[in-house]
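For reference, the chains in residue letters:
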Amino acid sequence: MMELFDSHAHYNDEQYDLDRDEIIKKIFESGVTKIINAGYNVEASKTSIELAEKYDFIYAAVGIHPQDIENISIDLIEIEKLSNHSKVIAIGEIGLDYHWNKENKQEQIEAFARQIELANKLDLPIVIHSRDAYVDTINVLKNMVDANKKGVFHCCPLNAELVKDALDLGYNISFAGAITFKNVKNADEIIKMVPMDRIQIETDAPYLSPEPFRGKRNDSTRIKYIAQKVATARGISVEEVAKMTYENTLRMFGRIS
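This report concerns the structure included in the present document. Just so you know, these numbers come straight off a predicted model, no measurement behind them.

### Remarks on the sheet that holds strand β1 (residues 4-9)
Item 1. Strand order in the open sheet formed by 8 strands is β1-β2-β3-β4-β5-β6-β7-β8, and the pairing between neighbours is parallel. Each edge of the open sheet carries a strand with a single partner, namely β1 and β8 (199-201). In this sheet, neighbouring strand axes are inclined to one another by 25° on average, regardless of whether the strands run parallel or antiparallel.
Item 2. Of the strand pairs in this sheet, strand β5 (residues 126-131) and strand β6 (residues 151-153) are connected by 3 bridges, and their pairing is parallel. Residue pairing in the sheet places I126 in a bridge with G151 of β6.
Item 3. Set on the sheet, helix α5 (residues 134-144) makes contact with β4 (88-97), β5 and β6; between it and β5 the angle comes to about 150°.

The following block contains the structure:
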């Protein structure tokens, strides 16, 4: 069976409260043999670790999302403690989000920079969330804090300038369900921009279900649709995409065994 790696999901989300164990069992049986479950605040980071403790094939990222930075100084103390866990493989998801909040841009920038500094201290890669904030995201990475271990732009916006700059800085690009959406016109172009040894794939479950499930609760069994879209755009087999993205993600997150 083809093995797949979902490099970003949220199985601690309340949308799974009624059937979490059943869904996770089904995912593993479908051929998804590795998942990174991403935190977005202290509590979600703790539950990511709990899931990683319960399931051998799940790993955790811990961090503070730009929408949750109100208590960043206190929260970073907790995130640093959590990062000592053997199954924590990255600081994330962190970054900038101006779609929902443009009023605290400077606070977001400072929180992002501080979490990169923490990742450097801990010798961990970072998982970057960037929404409607391309210029400032790249500026932080270029001119404020250079991440020692780099990392990945998760659910990367299909913005050619962002992708080029991210690649130039040494980051991987992770594609999610949006590349399958019928109203997205430049997905093939962006996919072809990224060298195959720099691509990761993810579901961002429970969000962003790929076609033909758009609008429904997502889960990692649907990662194959994202792999298939990459394969079609690149003119290679889905098995090749599965193998290379699996290897790319393992290489990026060195603590995964």
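The structure having been displayed, the exposition proceeds.
### Some points on the state of the cysteines
Item 1. Applying the stated criterion across every chain yields a total of 0 disulfides.
Item 2. For C155, which is in no disulfide, the shortest distance to another cysteine sulfur is to C156 and amounts to 8.4 Å.

### Regarding the pattern of salt bridges
When the charged atoms of two side chains with opposite charge come close together, those side chains can pair.
Item 1. What the rule picks out here adds up to 11 salt bridges.
Item 2. Here D19 makes a salt bridge to R217, at a shortest N to O gap of 2.9 Å. Taken together, the residues span a long stretch of sequence, with D19 in the loop between β1 and α1 (20-29) and R217 in the loop between β8 and α8 (223-234) at a distance of 198 residues.
Item 3. Accessibility expressed as a relative area gives 27% for R217, which makes it partly exposed.

### Regarding the layout of surface pockets
Item 1. Roughly 810 Å³ of internal volume is contained in the largest pocket.
Item 2. Forming the walls of the largest pocket are 27 residues, and the residues nearest its centre are H129, R131, C155, D204 and L208.
Item 3. By residue number, the principal contributor to the lining of the largest pocket is β5, which donates 3 residues.
Item 4. Across the lining of the largest pocket, the residue classes tally to 12 nonpolar, 8 polar and 7 charged.

### Some details on the side chain of T249
Item 1. Here T249 is to be found in helix α9 (residues 238-252).
Item 2. Using a relative accessible area of 0% as the deciding quantity, one classes T249 as buried.
Item 3. Each residue touching T249, except ones within four places of it in the same chain, is listed here: F5, S7, I36 and Q200.

### A few points about α9
Item 1. Spanning 15 residues, α9 covers 21 Å between terminal C-alpha atoms, matching the ideal 21 Å at 1.5 Å per step.
Item 2. Regarding α9, the residues found buried are V238, V241, A242, T245, Y246, N248, T249 and M252. One side of α9 holds all its buried residues, which, seen down the axis, span an arc of 165°. Opposite the buried face of α9, by more than 90 degrees, sit the exposed residues K243 and R251.
Item 3. The inward-facing, buried residues of α9 abut β1, β2 (32-38), β6, β7 (172-175), β8 and α8.

### What to know about unusual backbone geometry
Item 1. With an omega dihedral of 10°, the bond running from A205 to P206 counts as a cis peptide bond.
Item 2. By the element assignment, P206 lies in the loop between β8 and α8.
Item 3. Of the consecutive residues E211 and P212, the connecting peptide bond is found in the cis state with omega at 10°.
Item 4. Within the fold, P212 resides in the loop between β8 and α8.
Item 5. The phi dihedral of C155 is positive, around 45°, even though this residue is not glycine.
Item 6. By the element assignment, C155 lies in the loop between β6 and α6 (160-169).
Item 7. Phi is positive for D204, close to 55°, though the residue is something other than glycine.
Item 8. Assignment of secondary structure puts D204 in the loop between β8 and α8.

### Some remarks on empty space enclosed by the protein
Item 1. Enumeration over the complete set of coordinates arrives at 1 cavity of 30 Å³ or more.
Item 2. A volume near 30 Å³ is recorded for the largest cavity.
Item 3. Residue lining of the largest cavity: C155, C156, L158, F175, A176, A178 and I179, and that is the complete set.
Item 4. Considering only residue class, the lining of the largest cavity consists of 7 nonpolar, no polar and no charged.

Rules used throughout
- Residues numbered from 1 in each chain as written.
- Predicted model: local features only at pLDDT ≥ 70, side-chain atom pairs only at ≥ 80, totals over all residues.
- Heavy atoms only, no water.
- Pairing = 2+ DSSP bridges.
- Helix = DSSP H or I, 4+ residues; strand = E, 2+ residues; numbered from the N terminus.
- Axes fitted to C-alpha atoms, helices over the stretch in contact; angles between N-to-C directions.
- Contact = heavy atoms within 4.5 Å.
- Disulfide = S-S within 2.5 Å.
- Salt bridge = Lys/Arg side-chain N within 4 Å of Asp/Glu carboxyl O.
- Buried < 20%, exposed > 50% of the residue type's maximum accessible area, 1.4 Å probe, protein only.
- 1 Å grid on protein atoms, 1.4 Å probe; cavity = no way out; pocket = protein on both sides within 12 Å on 5 of 7 lines; lining within 4 Å.
- Points joined across faces, edges and corners; volume = space filled by probe spheres on them.
- Nonpolar A, V, L, I, M, F, W, Y, C, P; charged D, E, K, R; others polar.
- Expected span 1.5 Å × (residues − 1).
- Arc of directions from axis to C-beta.

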